[in-house]
Amino acid sequence: MAAGFVHYFSRCPKKRQGRREDVPLPHDSKRKPSVRQAEGRSVRRGIYVFPVSATMRPIAVPTGRTEGQVSGSSEGKIEGSMTEARSAKPALLEVQELKTGFQTERGWAWAVNGVSFSIERGKTLCLVGESGCGKTVTGLSILRLVPSPPGRIVSGRIRLDGTELLDLPEKDMRRIRGNRISMIFQEPMTSLNPVFTVGSQVEEAIRLHQKVSRGEARKRAIEMFGRVGLPSPEQTIRDYPNQLSGGMRQRVMIAMALSCHPDVLIADEPTTALDVTIQAQILDLMSALQKQMGMAILFITHDLGIVAQIADEVAIMYAGKIVEHAPVVDLYDRPRHPYTVGLLRSVPKPRLGEGERRRLDAIPGAVPDLARLPAGCSYQDRCPWVFEKCRREEPPLLAAGQGTAAGRRRSACWRWEDL
Amino acid sequence: MSDPTEVLVEVRDLKKHFPARAGLFRKPRRYLKAVDGVSFVIRKGETLGLVGESGCGKTTLGRTLLRLVEPTSGSVRFEGVEITSLPRAELRKMRRQMQMIFQDPYSSLNPRMTAGAMIEEGLIVHGQGNKRERKERVAELLHLVGLSPRDAGKYPHEFSGGQRQRVGIARALALVPKWIVADEPVSALDVSIQAQILNLLVELQESFGLTYLFISHDLRVVEHVSDRVAVMYLGRIVELARSQALYARPRHPYTQMLLASLPLPDPRRRGRPAVVGDVPSALSPPAGCPFHPRCSSSMETCREVSPEMVEVEPDHFVACHLHAREQQRPGSP
C-alpha cells in the first residue's frame with residue numbers, strides 16, 4: 001500500500017497540503033488513485049485536501065443536500081420522470097465541455113478535451129475506449145479527484161441536479177463524494193484497506209455522511225451486504241479484505257458505494273479484474289440495484305460485450321474526446337465513426353466453418369501521444385476512411401442521424417455517411 | 001498444417017501439489033492441488049486452448065509442462081522424450097524447442113535491458129552465432145514481429161503494452177522453438193491491440209509451423225485461436241473437444257455455465273441465466289466432482305465419486321457423471 005508514498009513528507013520543510021498522497025508522475029498513467037484518495041475523507045487514514053485549482057471560482061452557496069435528507073430520497077422519484085423526449089428539466093448529471101489536463105515534460109496532455117454528456121436518473125451511460133483515452137480521468141474529474149499536481153480541471157461545467165460541482169468549496173464537495181456520487185474502481189484488491197475489516201470500512205462511509213450511531217451504521221452495513229448478495233453478512237463484515245475472493249471484494253465495494261443511496265454511480269471497469277462467471281453476477285447485481293434505487297450509472301469499460309448488455313446510451317472516447325454518442329441499439333446496428341467500426345470488428349467472434357481463416361480486423365497502429373496530437377482528426381493515422389480534410393480540420397461532434405435516429409446520435413467524423 | 005495425428009506433447013496424469021504449511025517448521029498438513037491428474041495430448045501444428053477461471057490451475061499447468069515448476073508426479077513427453085526426469089543440462093537443451101510467452105508485458109521484461117539484449121540473451125545462452133550474426137538475427141526477429149530493427153536499443157518503458165508483448169514474442173521465437181506456451185498473452189491489452197497480437201500469433205504459426213498451448217480466461221479469444229479447447233476446473237480438465245464442437249454443443253455443465261455468462265455483443269439479446277457461486281478453494285476442494293456445489297444437475301454420485309474422462313463422441317471428452325452413463329467406455333484424450 002505504501003509503495004510510492006512520499007516517505008520524506010513528515011520531515012520535509014517544503015511540504016504542502018495535497019502533496020502527501022503519492023502524486024503519480026506525468027508518464028505514470030497506469031496508476032489508479034486508491035480509494036483513500038477517492039473518498040478523501042477518513043480521519044483514521046489522514047485527511048487529504050484537494051487543492052481547488054486557480055480557475056475554479058469558489059462560491060459559497062452549496063445547494064446540495066445536507067445529511068438529514070439523504071436516505072430514502074432517491075427512492076420514489078425513480079421511473080416516471082425519464083421520458084424519452086428531452087423535457088425542459090435538466091438531466092441529473094450534466095457535463096459540459098469538460099477539459100482536464102496533465103502537465104508533462106512535453107507540455108500539457110489533455111486527457112479530457114471538451115467532453116459533454118448527460119445522464120438521467122435510472123439510466124446507464126457507457127463510456128468506451130482504449131486505455132489512455134481519458135475515460136477514467138473523466139470519471140475522476142466529475143468527483144474532482146484528479147491528482148493535482150500534475151492534473152488540473154481547466155474548464156467546463158459539471159452539474160448535479162443543477163448544482164455546479166466545479167464551483168463548490170472542497171468542504172461541500174466532500175459531502176457529495178461517496179454520498180450523492182459514488183465511484184467503484186477496477187481493482188477490488190487495492191481499493192480496500194487491508195488493515196481494517198470490510199464492515200468497518202463500509203460503516204465509516206455511512207457514518208461520514210449520515211448522522212447515525214455506530215450500531216445503526218453496522219445495521220445498515222449488514223443490510224447492504226445482504227443486498228449485494230454477500231453470504232452471511234453478520235460474519236462477512238468482520239472479515240478482512242484478504243479473506244474474501246475477488247468477486248466478494250467487488251461486492252463489498254459496491255455495498256460501500258451504494259450505502260448512502262447515491263444519485264450517480266461511476267463504475268470504472270468494475271469487472272475487468274474478475275472472471276466471466278463472477279462478472280455476470282456483478283453486472284446482474286448492478287442492474288438489479290439500479291432498478292431498486294433508481295441511480296444513474298456512468299459505466300466505464302472497454303468491453304463491448306458488457307456495453308451491449310447494460311448500456312442505454314454509449315459514448316465512444318478517443319484521445320480525450322467523445323467521437324460518437326448514440327443509443328446502444330443504434331450504435332451496434334450502424335456505427336457512425338471509423339473508430340467504433342474498428343472496435344466492433346476487433347472483437348473475436350464465433351467462427352463459422354472449420355477451415356476459415358483466423359484473422360481479425362485489427363485497428364492498425366496505437367493511440368497517439370496526448371501531448372502531441374496531430375492537427376485535424378486524432379484518429380487520422382489509424383483510419384481507413386481518411387482523406388485530406390481529416391488532416392487539416394478537426395471534425396466536431398455533430399448530429400449524425402438519419403430517419404428515426406435523427407437527432408439522437410452524434411458523430412465526430414467528416415465522412416460518417418460513408419461508413 | 002502438418003499431419004494432424006502426429007503427437008508433439010503427451011501429458012499423463014500430471015500432478016502438482018503445493019504444500020500449505022501451517023507454520024515455518026511444521027510439516028505440511030494440507031496440499032494445494034493446483035494440477036490434479038491431468039492427461040491430454042497436443043498435436044503437431046495445432047493450437048490447444050486452455051480456459052478456466054482464475055485459480056483453476058491453468059498457469060501452473062503451463063509452467064509445469066515446461067518444468068519451470070517441478071511436477072509432483074506424472075509424465076510429460078515432448079516428441080517422445082520424458083521431460084519430467086531429464087537432467088538439468090539436457091533440459092536446458094530441450095528448452096530451445098519449447099518457449100513461453102507471459103501474460104504481463106509490464107513485468108515479464110527486464111527494465112534494465114534493451115529489447116535487443118533480451119532477445120539476444122537466449123541466443124547467447126545456447127551458443128548461437130557470433131556477435132554480428134546475432135545482431136542480424138535480432139533485427140530480423142524484430143522485423144518479424146512488426147517492430148523496427150532500430151527498436152533493439154530501446155528499453156521496455158519506451159514501448160507501449162502491445163509493443164512490449166511483441167518483444168516478448170520475438171524473445172520466444174529467437175531459438176526457433178517448435179512449441180510455445182502462451183500464458184494469457186493478450187489479457188493485459190486493449191481490444192484493438194489484442195486483435196493485432198492475435199493476428200501476429202496466427203501468422204507466425206502458419207509460417208513456422210508452431211504448436212501452441214494457448215492459456216486464457218477469455219473464452220472468445222480462445223475460441224478464435226484454438227483448434228481444440230480444454231476446460232479446466234479446480235486442477236482438472238473437465239471437457240476437451242474440437243473448438244467448434246465445444247462452443248456449439250458444450251457437454252459439461254461447467255462449460256455451459258461459462259459460455260452462458262459471456263456477455264453477448266448484441267444489445268438486442270440481453271439477459272443471461274443466473275450464474276451461481278464462486279470457485280471453491282483449491283485447498284479444500286469438494287469431494288466427488290469438484291463442480292457439484294455449483295452444478296444445477298448434480299446427483300448423488302457427484303457428491304461422492306469423482307467422474308472419469310469419457311469420450312462422448314469422437315474427439316470430445318467430458319468428465320461428468322451425466323455423460324458417463326451414456327457411454328461406459330473410458331477414453332484417454
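A short tour of the structure in this document, coming up. (Residues numbered from 1 in each chain as written. Chains lettered and ligands numbered in written order. Predicted model: local features only at pLDDT ≥ 70, side-chain atom pairs only at ≥ 80, totals over all residues.)

1. Describing the overall build of chain B
- Looking only at helices and strands, one finds 11 helices and 12 strands in chain B.
- Projected onto its principal axes, the C-alpha positions of chain B cover 65 × 55 × 45 Å.
- The buried share of chain B, taken over its 333 residues, is 47%.
- When contacts within chain B are restricted to residue pairs at least 6 apart in sequence, those whose partners lie at least 24 apart make up 63%. (Helix = DSSP H or I, 4+ residues; strand = E, 2+ residues; numbered from the N terminus. Buried ≥ 20, exposed ≤ 12 C-beta atoms within 10 Å, placed from the backbone. Contact = placed C-beta atoms within 7 Å.)

2. Concerning the packing of helix α7 (residues 246–258) of chain A against helix α8 (residues 276–293) of chain A
Residues and elements named next belong to chain A.
- Running from N to C, α7 and α8 point in directions that differ by 15°, and their axes come no closer than 10 Å. Judged on the interaxial angle alone, α8 and α7 are roughly parallel. Our pair here, α7 against α8, has a crossing hand that is right-handed. Contact residues: α7 offers Gly246, Gly247, Gln250, Ile254 and Leu258, while α8 offers Ile278, Gln281, Ile282, Leu285, Met286, Leu289 and Met293.
- Class assignment of the residues belonging to the contact of α7 with α8 gives a composition of eight nonpolar, four polar and no charged. (Axes fitted to C-alpha atoms, helices over the stretch in contact; angles between N-to-C directions. Parallel < 35°, antiparallel > 145°, perpendicular 65-115°, else oblique. Left-handed = near helix turned anticlockwise from the far one by under 90°. Nonpolar A, V, L, I, M, F, W, Y, C, P; charged D, E, K, R; others polar.)

3. A look at the interface of chain A and chain B
- The partner chain B presents 37 residues to the 32 residues of chain A that form the contact.
- Looking at the side of chain A that touches chain B, the elements that each hand over two or more residues are α8, α9 (304–310), α10 (328–333) and α11 (338–346) of chain A.
- Top element by residues in the side of chain A that touches chain B is α9(A). It accounts for five residues.
- A class-by-class count of the residues in the side of chain A that touches chain B yields 16 nonpolar, 10 polar and six charged.

4. Notes on the sheet that holds strand β9 (residues 228–233) of chain B
All names here are of chain B.
- Reading across the sheet, the eight strands line up as β6-β7-β8-β3-β9-β10-β12-β11 and stay open at both edges, with mixed pairing between neighbours. Two strands in the sheet have a free side with no partner beyond their single neighbour: β6 (98–101) and β11 (310–313). On average, each strand axis in the sheet is inclined to that of its neighbour by 20°, with strand direction left out of account.
- Sheet topology places β9 next to strand β10 (residues 236–242); six bridges connect them, and they run antiparallel. Considered in β10, the bridge of Ala230 is made with Leu240.
- Across the sheet, helix α5 (residues 161–173) touches β6 and β7 (179–183), and the angle it forms with β6 is around 175°. (Pairing = 2+ DSSP bridges.)

5. Regarding the sheet that holds strand β11 (residues 398–399) of chain A
Residue and element names in this part refer to chain A.
- One open sheet accounts for eight strands, arranged β6-β7-β8-β3-β9-β10-β12-β11; its pairing is mixed. Of all strands in the sheet, those bounded by a partner on one side alone are β6 (181–184) and β11.
- Pairing geometry for β6 and strand β7 (residues 264–268), over four bridges, is parallel. Looking across to β7, one finds that Ile181 is bridged to Val264.

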